[in-house]
Amino acid sequence: ATPRTFGPEREAEPAKEARVLGSELVDTYTVYIIQVTDGNHEWTVKHRYSDFHDLHEKLVAERKIDKNLLPPKKIIGKNSRSLVEKREKDLEVYLQKLLAAFPGVTPRVLAHFLHFHFYEINGITAALAEELFEKGEQLLGAGEVFAIGPLQLYAVTEQLQQGKPTCASGDAKTDLGHILDFTCRLKYLKVSGTEGPFGTSNIQEQLLPFDLSIFKSLHQVEISHCDAKHIRGLVASKPTLATLSVRFSATSMKEVLVPEASEFDEWEPEGTALEGPVTAVIPTWQALTTLDLSHNSISEIDESVKLIPKIEFLDLSHNGLLVVDNLQHLYNLVHLDLSYNKLASLEGLHTKLGNIKTLNLAGNLLESLSGLHKLYSLVNLDLRDNRIEQMEEVRSIGSLPCLEHVSLLNNPLSIIPDYRTKVLAQFGERASEVCLDDTVTTEKELDTVEVLKAIQKAKEVKSKLSNPEKRGGEDSRLSAAPCIRPSSSPPTVAPASASLPQPILSNQGNRVCILLLVEPHSPAWASWLGWGWGRGASTSFQGQTQGGLCLLQAGPRGGTRGRGAWPDASCCLLGEDSGLL
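Residues numbered from 1 in each chain as written. Predicted model: local features only at pLDDT ≥ 70, side-chain atom pairs only at ≥ 80, totals over all residues. Heavy atoms only, no water.

Going by what an unreviewed UniProt entry lists, the protein chain is known as Nischarin and is assigned to Mandrillus leucophaeus.

The following block contains the structure:
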């Protein structure tokens with residue numbers, strides 16, 4: 001239904017009509033279906049004849065109407081088709097005469113009978129005023145969220161536009177002043193519309209215009225299923241509003257944050273240095289720290305974010321965003337939700353999100369994570385439901401020093417064998433500090449991660465050894481210098497050419513220890529210390545090198561032994577294929 005004109009130029013209030021459309025048999029009695037029309041709005045009400053009789057008795061007592069106006073009762077054949085059809089016509093005439101008899105203020109009992117308190121402007125505001133007269137102080141004192149519908153706000157807005165007395169009915173409880181007093185002091189507001197027609201009416205509640213400027217002290221506002229283009233007065237709450245949620249309502253951020261922008265060619269936020277021609281300087285949302293614009297139809301992060309410089313929490317999930325832009329203006333932003341959009345690239349993201357701690361990118365089109373490698377303050381990262389296939393992509397986040405929680409579920413790489421340990425291995429020494437997919441890392445996984453890390457290092461060494469410039473000298477060193485010496489003194493062999501660190505693996509039962517030996521070619525002995533890991537590992541390795549030769553010492557972790565290798569400590573060089581060199 002098309003709402004009445006919203007603004008200073010309004011049409012005269014239309015006359016109300018009531019028609020009896022038909023009837024239906026419910027159990028042993030007949031219910032009459034009444035259609036009420038108020039301008040472009042119409043709705044249906046159902047009543048049995050006894051309801052009409054009760055209404056009539058009250059009107060006769062209160063308003064002295066003709067007691068013979070209502071069609072009489074029938075005891076015999078009361079549900080017969082002929083009687084019902086005649087009664088439908090008579091009851092319609094009865095209702096029309098009542099509405100004509102009270103053209104100004106409809107009696108309360110008649111207004112409730114026709115559901116004016118649900119659908120008609122005067123009835124809605126009267127009911128709301130009475131509710132706040134009785135419970136308003138209690139609601140304000142408790143600090144609770146006050147829920148109201150767009151139709152109620154539309155009715156209040158229309159009432160204020162009419163310029164009528166605030167208490168036309170004469171009942172002090174229904175005075176509009178009770179609403180205005182309450183809205184001036186209210187801090188927490190929730191406005192929830194409905195999808196489709198409201199109740200039994202043709203009213204599309206989510207399309208109704210309303211004005212929120214009557215609220216003077218709001219700290220938190222939640223709006224859903226309304227048309228943001230028809231919401232006025234929200235900017236009046238800029239000085240106090242700290243939390244704002246607008247869902248299922250907007251097609252752009254400008255509609256919510258700077259609705260007046262459409263009136264100006266060029267505008268800038270208050271407090272910025274003006275470099276060019278500007279037709280308007282717009283105040284910022286100086287108290288706003290939390291903004292939820294999820295579940296809308298927003299396709300871009302536009303320049304209106306300049307007006308929310310103190311935002312810390314921003315939710316833009318479930319929209320249609322293609323790129324991340326303009327967030328460099330939000331210096332205080334620490335929590336950002338961009339999940340379930342259409343993002344395919346994160347290039348340069350660190351230039352826009354310098355201080356971000358929590359980032360939700362689930363449900364996008366991401367294949368690469370290269371844009372995340374410089375988000376050094378990031379603690380929580382959600383990447384579920386994307387298109388990440390390669391384990392190498394995880395390396396982009398593996399070096400982030402503060403990252404603690406990562407989710408990669410429902411990506412192609414999550415079905416790779418040993419997915420968890422391979423992902424954790426990308427975090428190096430921080431693997432134990434990372435919680436993957438909401439599951440704490442186990443000791444067994446950490447053991448496996450250590451082995452994977454060593455194998456990776458071995459592969460890197462092998463790759464370097466394959467360099468033609470160094471391969472020849474390295475091969476000659478391996479053939480000329482044995483790695484393990486049982487004696488207590490180093491052998492005298494001419495120094496070989498400089499080589500890269502070599503991996504050595506010792507396997508004792510279920511104990512796995514892997515070392516990298518360094519070979520500084522110095523005339524003096526240079527000590528090195530290897531490390532051990534594996535389930536139940538209790539072996540440490542120590543050794544010395546001199547002139548390109550190595551001497552190995554093995555013993556219990558923390559213990560000491562004389563120079564020389566233990567007989568039960570087998571050592572070997574590990575190749576790229578995990579075989580022996």
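Asks: It is not clear to me how the sheet that holds strand 12 (residues 290–292) should be interpreted in this structure. Could you clarify?
Replies: Pairing between the strands of a sheet is mediated by backbone hydrogen bonds and can be parallel or antiparallel. Here eleven strands make up an open sheet; going across it, the order is 4-5-7-9-12-13-14-15-16-17-18 and the pairing parallel. The open sheet terminates on both sides in strands that have one partner only, identified here as strand 4 (146–148) and strand 18 (435–436). Both strand 5 (residues 188–192) and strand 7 (residues 220–224) contribute to a ladder of five bridges, which runs parallel. In the strand pairing of strand 7, Tyr188 is matched with Gln220. (Pairing = 2+ DSSP bridges. Helix = DSSP H or I, 4+ residues; strand = E, 2+ residues; numbered from the N terminus.)

Asks: Is there a simple way to explain the confidence of the model for the protein chain in this structure?
Replies: Segments scoring low in pLDDT should not have their predicted coordinates read at a detailed level. Scored by pLDDT, the protein chain has a mean of 80; 75% of the residues are at 70 or more. Of the regions scoring below 50 in pLDDT, residues 1–10 engages in 33 contacts with residues more than four places distant in sequence or in other chains. (pLDDT = per-residue confidence, 0-100. Contact = heavy atoms within 4.5 Å.)

Asks: What's the story with the packing of helix 1 (residues 49–63) against helix 2 (residues 81–101) in this structure? I'm lost.
Replies: For any two helices packed against each other, one specifies the crossing angle of their axes together with the interaxial distance. Closest axis-to-axis distance for the helix 1/helix 2 pair is 13 Å, and the angle between their directions is 30 degrees. As far as their axial angle goes, helix 2 and helix 1 are roughly parallel. Viewed along their axes, helix 1 and helix 2 form a crossing whose handedness is left-handed. Here Tyr49, Phe52, Leu55, His56 and Leu59 of helix 1 come into contact with helix 2, specifically with Arg87, Leu91, Tyr94, Leu95 and Leu98. Here the contact of helix 1 with helix 2 is composed, by residue class, of eight nonpolar, one polar and one charged. (Axes fitted to C-alpha atoms, helices over the stretch in contact; angles between N-to-C directions. Parallel < 35°, antiparallel > 145°, perpendicular 65-115°, else oblique. Left-handed = near helix turned anticlockwise from the far one by under 90°. Nonpolar A, V, L, I, M, F, W, Y, C, P; charged D, E, K, R; others polar.)

Asks: Help me understand the packing of aromatic side chains, please; the structure alone is not making it clear to me.
Replies: What the rule picks out here adds up to six aromatic pairs. Connected via pairs of aromatic rings, a cluster forms that spans Trp43, Phe116, Phe118, Tyr119 and Phe198. Over the aromatic face of Tyr29 sits the side chain of Arg48, whose NZ or CZ is 3.8 Å from the ring centroid. If you follow Arg87 out to its NZ or CZ, it ends over the ring of Tyr49, 3.9 Å from the centre. (Phe/Tyr/Trp six-rings, centres within 6.5 Å; stacked < 30°, edge-to-face > 60°. Lys NZ or Arg CZ within 6 Å of the ring centre and 35° of its normal.)

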